[in-house]
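One-letter residues, chain by chain:
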Amino acid sequence: MSKKSKHGRSSVLPGSGRLRCHCGSPAILRSAEGLCRTHRPGAMAYVCSRYPACDSFVMAHPDTLEPMGSLAGSKLRRLRYEAHQQFNRLYESGLMSKKSAYLWLSVVVQAPMSHAHIGHLGDYYCQVVIDESRKLLQERMEQQNKLRKVSGGA
Ligand SMILES: [Zn+2]
């Protein structure tokens, strides 16, 4: 394993000390190994210092080690995962661009564009994203089918 950058400015890891779990305990940056089977080898996560009594964690960006959101327990992690899946379908389907999908997301979660990240959402807004993404995809598909019928019949 090779490391590209040295910790030049300080030895304090990003997020250390300032990131807290929703239970109030500080988060600790550690290997994600053993937390979840789906994580790639070498992945890092911010884990609640009370783990495993509190099983909340959030993945760290592989390059910057910045937390990908706020710490979440198993229920919220599942919800965020599902919200991501549903939301990604909006632009993966080609029905809208990634940019307009994110613009739409910022409206749905009532946050400025720069803060519209599913990793920061709580239960309520995750559910909103899941429901609204599904609805929007459905609408767009119906629209396209209608257009296809109109142009096909001419
Ligand atoms: Zn905790």
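Every chain is numbered on its own, with residues counted from 1 as its sequence reads. Confidence filtering applies because this is a predicted model: local features only for residues at pLDDT of at least 70, side-chain atom pairs given and counted only at 80 or more, and all residues used for totals across whole chains, interfaces and linings. Calculated side-chain values reflect all of the structure's heavy atoms, with hydrogen atoms and water omitted.

Colleague: Account for the coordination of the zinc ion, with residues named and values stated.
Modeller: Water is absent from the atoms considered, so a metal site may look incomplete; donors are defined as N, O and S atoms within 2.8 Å of the metal, or 3.2 Å for Na, K and Ca. For the zinc ion, the full set of protein donor atoms is Cys21 (SG), Cys23 (SG), Cys48 (SG) and Cys54 (SG), at a range of 2.3 Å. Every donor counted, the four donor atoms about the zinc ion form angles of 103 to 122 degrees at the centre, which fits tetrahedral coordination. On the primary sequence, the residues serving as donors to the zinc ion are separated as C-x1-C-x24-C-x5-C. Exposure remark for Cys23: the relative accessible area of 32% places this residue in the partly exposed category. Square planar and octahedral sites, with four and six donors, are those where opposite donors lie more than 155 degrees apart and all other angles lie between 65 and 115, tetrahedral sites have four donors with every angle between 85 and 135 degrees, and the rest are irregular. The rule is simple: take the accessible area with a 1.4 Å probe, protein chains only, and divide by the maximum for that residue type; under 20% is buried, over 50% is exposed, in between is partly exposed.

Colleague: Quick rundown of the nonpolar core? Include the residues and the values.
Modeller: If you look at the biggest cluster of nonpolar residues, it comprises 23 residues, and the most contacted ones within it are Phe87, Leu90, Trp104, Leu105, Val109, Ile118 and Val129. Elements are defined by DSSP. Helices are runs of H or I of four residues or more, strands are runs of E of two residues or more, and each kind is numbered from the N terminus. Those elements that place two or more of their residues in this core are α1 (74-92), α2 (98-108) and α3 (123-153). Those residues within four positions of Val109 in sequence are excluded, and the remaining contacts are Ala116, Leu121, Tyr125 and Val129. Nonpolar cores are built from buried Ala, Val, Leu, Ile, Met, Phe, Trp, Tyr and Cys residues. Side-chain atoms within 4.5 Å join them into one set. Counting eleven residues, the second-largest nonpolar core is a separate cluster that includes Ala27, Tyr46, Val58 and Leu65. By definition in these notes, contact holds between two residues if any of their heavy atoms fall within 4.5 Å.

Colleague: Run through the pattern of salt bridges, naming residues and quoting values.
Modeller: Note on definitions: salt bridges are taken to be side-chain nitrogens of Lys or Arg within 4 Å of carboxyl oxygens of Asp or Glu. Enumeration over the complete set of coordinates arrives at four salt bridges. Its salt-bridge partner being Arg134, residue Glu82 comes within 3.5 Å of it at the nearest N-O pair. One end of the pair, Glu82, is in helix α1; the other, Arg134, is in helix α3, with 52 residues separating them in the sequence. Its relative accessible area of 33% is what places Glu82 among the partly exposed residues. The partner of Glu132 in a salt bridge is Lys135, and the shortest N-O contact between them spans 3.1 Å. Highlighted residues: Glu132 and Lys135, both in helix α3, separated by three residues, approximately one helical turn. Accessibility expressed as a relative area gives 45% for Lys135, which makes it partly exposed.

Colleague: An account of the packing of aromatic side chains is requested, with residue identities and associated values reported.
Modeller: Pairing of aromatic side chains here covers Phe, Tyr and the six-membered ring of Trp, requires ring centres within 6.5 Å, and sorts the geometry by plane angle: under 30 degrees stacked, over 60 edge-to-face, intermediate tilted. All chains considered together, the criterion is met by five aromatic pairs. On the basis of an interplanar angle of 75 degrees and a centroid distance of 4.8 Å, the ring pair of Phe87 and Tyr102 is categorised as edge-to-face. In this pair, Phe87 is assigned in helix α1 and Tyr102 in helix α2, connecting sequence segments 15 residues apart. Judged by relative accessible area, Tyr102 falls into the partly exposed class, the value being 24%. Summarising the aromatic geometry, the rings of Phe87 and Trp104 are spaced 6.5 Å apart at their centres and angled 10 degrees between planes, so their arrangement reads as stacked.

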